[in-house]
Amino acid sequence: MTILREDAAITQVFGVSVYQFGLWVALGALLAVGILVLLALHRKAPASEAALEAVLCLGLGLVMSRLFFGVMDATLGQVMPLWAMTRLNTGGYSLYGALAGACLGMWITARVTRGSTAVHLDALAPAFMIFTAFERFAEQYIEEFGLSRGLVTSLFAHPWIAVADDYDTWFLMTWRIECAIALILFVILLIDAFRKHRPGHTFFKMMLLFGGTQIIMESLRYDQHMTIRSFVRMEQVLSMVLLGTALIILAVRRLRSAGSNRALPIAALVSIPVVTGLAVAIEFMIDRTDISRILLYIVFIALVAVPVTLGFRLLKEDRA
């Protein structure tokens, strides 16, 4: 019998005690599998292909999620030992680890079925976003998780988006904002997955949109999850990597196209280090200067919008 943590939010399902966080994550995983089945039917793939996608994505997603957390989180002051990683009931997971595992699962599925990895990744994009929406919603059941720094203005001090502690300090519920973003991206990507386009484009759009929005959201979060040396949030770094990887692939593909305009891909490549450097500078300024945080985040969002916009322009020109 699995022993549950006494400090965690627990509920009963058919007489069995389960974590509320885990319950919502499981529901998100179930819906994600449903999306994979739906898109497999749309492309007239056999049911066995959707089943293989689901098994590999869920299994490898769980393994990689735990592994990423164990290696990158600094809660223990060191890499989590292997024996501790196998104790899944103690908690500790990485959303980007789950994405990496799911991508690996799609790659293996493509090899086994002799299909296109890009086509499978297109199906993964909306499935992963609905899973993410439920995971973000579940974060409300973890104490002091998915919250921002203490607000220095009353502009956002409203119960629908913020919560107050016993000292009347208000904190943004970043989990709620991220849940809403994930749901919006899910709708956008699901619609796109049903449209005719070059294989891989839906997944590229997920990389650009999810990576871009998460750079901002990881800056807002202040729960110390996967944080190193008090300020380096690993999942913010991985968000930059996700966005940058999409730009690099699209830019290089465009540069290799005969007779293509080189200005756009070069601008996209240059934007990666420039925006990254300026983003790091803003991160330092948020906690170390008296400049308005609202103004800093407006500038931050505008900066991140540059590579995202360039990425979409590259996608528009990327017709095979």
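Residues numbered from 1 in each chain as written. Predicted model: local features only at pLDDT ≥ 70, side-chain atom pairs only at ≥ 80, totals over all residues. Heavy atoms only, no water.

**Q** Teacher, can you tell me more about the overall build of the protein here?
**A** Helix and strand counts for the protein come out as ten helices and seven strands. Taken over the C-alpha trace, the protein has a radius of gyration of 20 Å; the compact-globule value for 320 residues is 20 Å, and the two agree within 12%. Every one of the 320 residues in the protein was classed for burial, and the buried ones make up 45%. Partitioning the intrachain contacts of the protein with sequence separation of at least 6 by distance along the chain shows that 69% fall at a separation of at least 24. (Helix = DSSP H or I, 4+ residues; strand = E, 2+ residues; numbered from the N terminus. Rg over C-alpha atoms; globule rule 2.2 N^0.38 Å. Buried < 20%, exposed > 50% of the residue type's maximum accessible area, 1.4 Å probe, protein only. Contact = heavy atoms within 4.5 Å.)

**Q** Whenever I open this one, the pairing of strand β5 (residues 170–173) confuses me. Can you help?
**A** By the bridge criterion, two bridges tie strand β3 (residues 147–150) to β5 in an arrangement that is antiparallel. For glycine 150, the partnering residue across the bridge sits in β5 and is phenylalanine 171. Bridge count for strand β4 (residues 162–164) against β5 is three bridges, and the pairing is antiparallel. Bridging across to β5, alanine 164 finds its partner in tryptophan 170. Turn length for the β4-β5 hairpin, with the two strands adjacent in sequence and antiparallel, is five residues, and the turn residue aspartate 168 shows positive phi of about 60°. (Pairing = 2+ DSSP bridges.)

**Q** Got a minute to help me understand the packing of helix α4 (residues 95–113) against helix α5 (residues 117–138) in this structure?
**A** For any two helices packed against each other, one specifies the crossing angle of their axes together with the interaxial distance. Axis separation between α4 and α5 bottoms out at 10 Å; the angle between their running directions is 150°. When the axes of α4 and α5 are compared, the pair comes out roughly antiparallel. In this structure, α4 meets α5 at a crossing whose hand is right-handed. Taken together, the residues of α5 that come into contact with α4 (itself represented by Leu95, Ala98, Leu99, Ala102, Cys103, Met106, Trp107, Thr109, Ala110, Arg111 and Thr113) are Thr117, His120, Leu121, Leu124, Phe128, Phe131, Thr132, Glu135 and Arg136. (Axes fitted to C-alpha atoms, helices over the stretch in contact; angles between N-to-C directions. Parallel < 35°, antiparallel > 145°, perpendicular 65-115°, else oblique. Left-handed = near helix turned anticlockwise from the far one by under 90°.)

**Q** Hey, could you run me through a nonpolar patch on the surface in this one?
**A** Judged by side-chain polarity, Leu155, Phe156, Ile294 and Ile298 come together as a nonpolar surface patch covering roughly 350 Å² of accessible area. Position of phenylalanine 156 relative to the elements: it lies in the loop between β3 and β4. (Patch = residues over 30% accessible without salt bridge, like charges linked within 9 Å, V, L, I, M, F, W, Y side chains within 5 Å. Areas by Shrake-Rupley, 256 points an atom, 1.4 Å probe, with all protein chains shown as cover. Salt bridge = Lys/Arg side-chain N within 4 Å of Asp/Glu carboxyl O.)

**Q** Please clarify how the packing of aromatic side chains should be interpreted in this entry.
**A** Within a pair of aromatic rings, the relevant descriptors are the distance that separates the centres and the angle that separates the planes. The full count for this structure, using the stated rule, is seven aromatic pairs. Relative to phenylalanine 137, the ring of tryptophan 24 has its centre 4.7 Å away and its plane inclined at 65°; by these criteria the two rings are edge-to-face. Of this pair, tryptophan 24 sits in helix α1 (residues 20–42) while phenylalanine 137 is found in helix α5, placing the two residues 113 residues apart along the sequence. Residue classification places tryptophan 24 among the partly exposed residues on the basis of a relative accessible area of 26%. Relative to phenylalanine 131, the ring of phenylalanine 128 lies with its centre 6.4 Å away and its plane at 35°, an arrangement referred to as tilted. Remark: phenylalanine 131 and phenylalanine 128 occur in helix α5; sequence separation between them is three residues, near one turn of the helix. (Phe/Tyr/Trp six-rings, centres within 6.5 Å; stacked < 30°, edge-to-face > 60°.)

**Q** Even after reading the chapter, I still don't get the nonpolar core, so can you show me in this structure?
**A** For soluble globular proteins, the rule of thumb is that nonpolar side chains tend to be buried together. Counting 73 residues, the largest nonpolar core has Leu124, Phe128, Met129, Met206, Phe210 and Phe300 as the members making the most contacts within it. Looking at this core, the element that brings in the most residues is α5, giving twelve residues. With near-sequence residues (within four places) excluded, leucine 124 lies in contact with Leu36, Leu99, Ala102, Cys103, Met106 and Phe203. (Core = buried A, V, L, I, M, F, W, Y, C linked by side-chain atoms within 4.5 Å.)

**Q** Just checking my understanding: could you explain the environment of alanine 40 for this structure?
**A** Looking at the element boundaries, alanine 40 is found in helix α1. Sequence separation between alanine 40 and alanine 50 is ten residues; the distance between their C-alpha atoms is 6.0 Å. Excluding residues within four positions of it along the chain, alanine 40 makes contact with Ala45 and Ala50.

**Q** Could you clarify how one ought to interpret the sheet that holds β5 in this entry?
**A** Strands pair in a sheet through their backbones, by hydrogen bonds, and they do so in one of two ways: parallel or antiparallel. Here we have three strands laid out as an open sheet, ordered β3-β5-β4, and antiparallel in their pairing. Every interior strand has two partners, whereas the edge strands, β3 and β4, have only one. Taking each pair of neighbouring strands and ignoring which way they run, the sheet shows an average axis angle of 30°. Sitting on the sheet, helix α6 (residues 174–194) touches β3 and β5, and the angle it makes with β5 is about 20°.

**Q** What am I meant to see in the pattern of salt bridges here?
**A** Oppositely charged side chains are able to pair whenever their charged atoms sit close together. Taken as a whole and assessed by the stated rule, the structure comprises 16 salt bridges. Of the charged contacts in the structure, one is a salt bridge between aspartate 287 and arginine 149, with a shortest N-O distance of 2.9 Å. Here arginine 149 lies in strand β3 and aspartate 287 lies in helix α9 (residues 263–288), a separation of 138 residues in the sequence. Its relative accessible area of 36% is what places aspartate 287 among the partly exposed residues. The partner of aspartate 287 in a salt bridge is arginine 293, with the nearest N and O atoms 3.9 Å apart. Connected through salt bridges with shared partners, the residues Glu135, Arg136, Glu139, Glu178, Glu218, Arg221, Asp223 and Arg233 form a single ionic network.

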